[in-house]
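Examination of the molecular architecture
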Amino acid sequence: MLEVGPLDAFYGDSHVLHGVSLAVGAGEGVALLGRNGAGKSTLLKALLDAGPRTVGPVRFEGRPLDGLPTHRRARLGLSLVPEDRRIFGHISVAENLELAAHACGPGVVPRKVAEVAALFPLLQPILDRGGARLSGGQQQMVAVGRGLVPRPKLLLLDEPAEGLAPLIVEDLAREIARVRRAENLALLVTEQNVDFARACTDRLYLIDSGTIVFSGDWAAFDARPELESEYLAL
Ligand SMILES: Nc1ncnc2c1ncn2[C@@H]1O[C@H](COP(=O)(O)OP(=O)(O)O)[C@@H](O)[C@H]1O
Ligand SMILES: [Mg+2]
């Protein structure tokens, strides 16, 4: 479904991604793990042409994305939930979801608030709550729900577990895994939290200094315990 690279990415003169190759199959869950500054967000932004300058191919459902602006890529079925969540505090959860529907371009039939709440039952009791009165876990749930409004085929989540308490992380991973299966949604999630990533994906890539240093399933990752200390531990 998604085929990337080899891809290079730049911010001005700064060369951040070096020949990154990565793929996500239809309905597949894939994690991209790496430390702060490894290039995870840069890769997700590159997929939507939302930041870095890139050199190299990105194909989605067989179609080259070069030259397509962000909104056209979104219309094809790519949806990014950025790491800063960006929930509006002065309006309700339901209104945050409605705003996302208004932001969908032509050619997209957005999910209604009730449909998103049906996908994520944990949102149901907080639909009327102000965005400023949500816990970190609730904010992240709203952010993911908002990412689902345009009915993406591939959901891109940027470090969803960051800053959340361990119990909440477990709930969020379980909910995301459930929605993914129910909707046959493909997922590319960046993380530093191995447990979270494992709970909602089938396999993983490790990125370090803008280079992919490992690719395999979770069993292959577990068979090499040095990977976690080398590329993830602080
Ligand atoms: N807007 C930007 N301008 C210049 N450099 C950036 C910008 N965003 C990120 N970088 C640099 O690119 C590298 C990768 O950053 P990023 O993709 O945000 O890493 P991660 O998401 O894995 O923490 C880092 O060295 C970071 O300092
Ligand atoms: Mg990041």
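One structure accompanies this document, and this report is about it.

Parameters and conventions
Residues numbered from 1 in each chain as written. Chains lettered and ligands numbered in written order. Predicted model: local features only at pLDDT ≥ 70, side-chain atom pairs only at ≥ 80, totals over all residues. Heavy atoms only, no water. Phe/Tyr/Trp six-rings, centres within 6.5 Å; stacked < 30°, edge-to-face > 60°. Helix = DSSP H or I, 4+ residues; strand = E, 2+ residues; numbered from the N terminus. Buried < 20%, exposed > 50% of the residue type's maximum accessible area, 1.4 Å probe, protein only. Lys NZ or Arg CZ within 6 Å of the ring centre and 35° of its normal. Lys, Arg positive; Asp, Glu negative; His and termini not counted. Salt bridge = Lys/Arg side-chain N within 4 Å of Asp/Glu carboxyl O. Contact = heavy atoms within 4.5 Å. Axes fitted to C-alpha atoms, helices over the stretch in contact; angles between N-to-C directions. Parallel < 35°, antiparallel > 145°, perpendicular 65-115°, else oblique. Left-handed = near helix turned anticlockwise from the far one by under 90°. Nonpolar A, V, L, I, M, F, W, Y, C, P; charged D, E, K, R; others polar.

Looking now at the packing of aromatic side chains. Summed over the entire model, instances satisfying the criterion amount to two aromatic pairs. Between Trp-218 and Phe-221, the ring centres sit 5.6 Å apart and the planes meet at 85°, which makes this aromatic pair edge-to-face. One end of the pair, Trp-218, and the other, Phe-221, are both in helix H8 (residues 218-222), three residues apart, so they sit about a helical turn from each other. The exposure class assigned to Trp-218 is buried, which follows from its relative accessible area of 8%. A relative accessible area of 3% places Phe-221 in the buried class. Put simply, the rings of Phe-214, Trp-218 and Phe-221 pair up and form one aromatic cluster. Taking the ring centre of Phe-10 as reference, the NZ or CZ of Arg-53 above it sits at 4.5 Å.

Once that is clear, we can look at the side chain of Arg-146. Relative to the assigned elements, Arg-146 resides in helix H5 (residues 136-148). Here Arg-146 sits buried without a salt bridge, and the closest side chain of opposite charge, Asp-84, lies 6.9 Å off (N-O distance). Once residues within four sequence positions are removed from consideration, Arg-146 is found in contact with Arg-85, Arg-86, Ile-87, Asn-96, Leu-97 and Ala-100.

Moving on, we come to the packing of H5 against helix H6 (residues 166-183). Following both chains from N to C, one finds H5 and H6 inclined at 15°, their axes separated by 10 Å at the closest point. Classified by the angle between their axes, H5 and H6 sit roughly parallel to one another. Handedness of the H5/H6 crossing: right-handed. Of H6, the residues touching H5 (which contributes Gly-137, Gln-140, Met-141, Val-144 and Leu-148) are Ile-168, Leu-172, Glu-175, Ile-176 and Val-179. Taken together, the residues of the contact of H5 with H6 break down into seven nonpolar, two polar and one charged.

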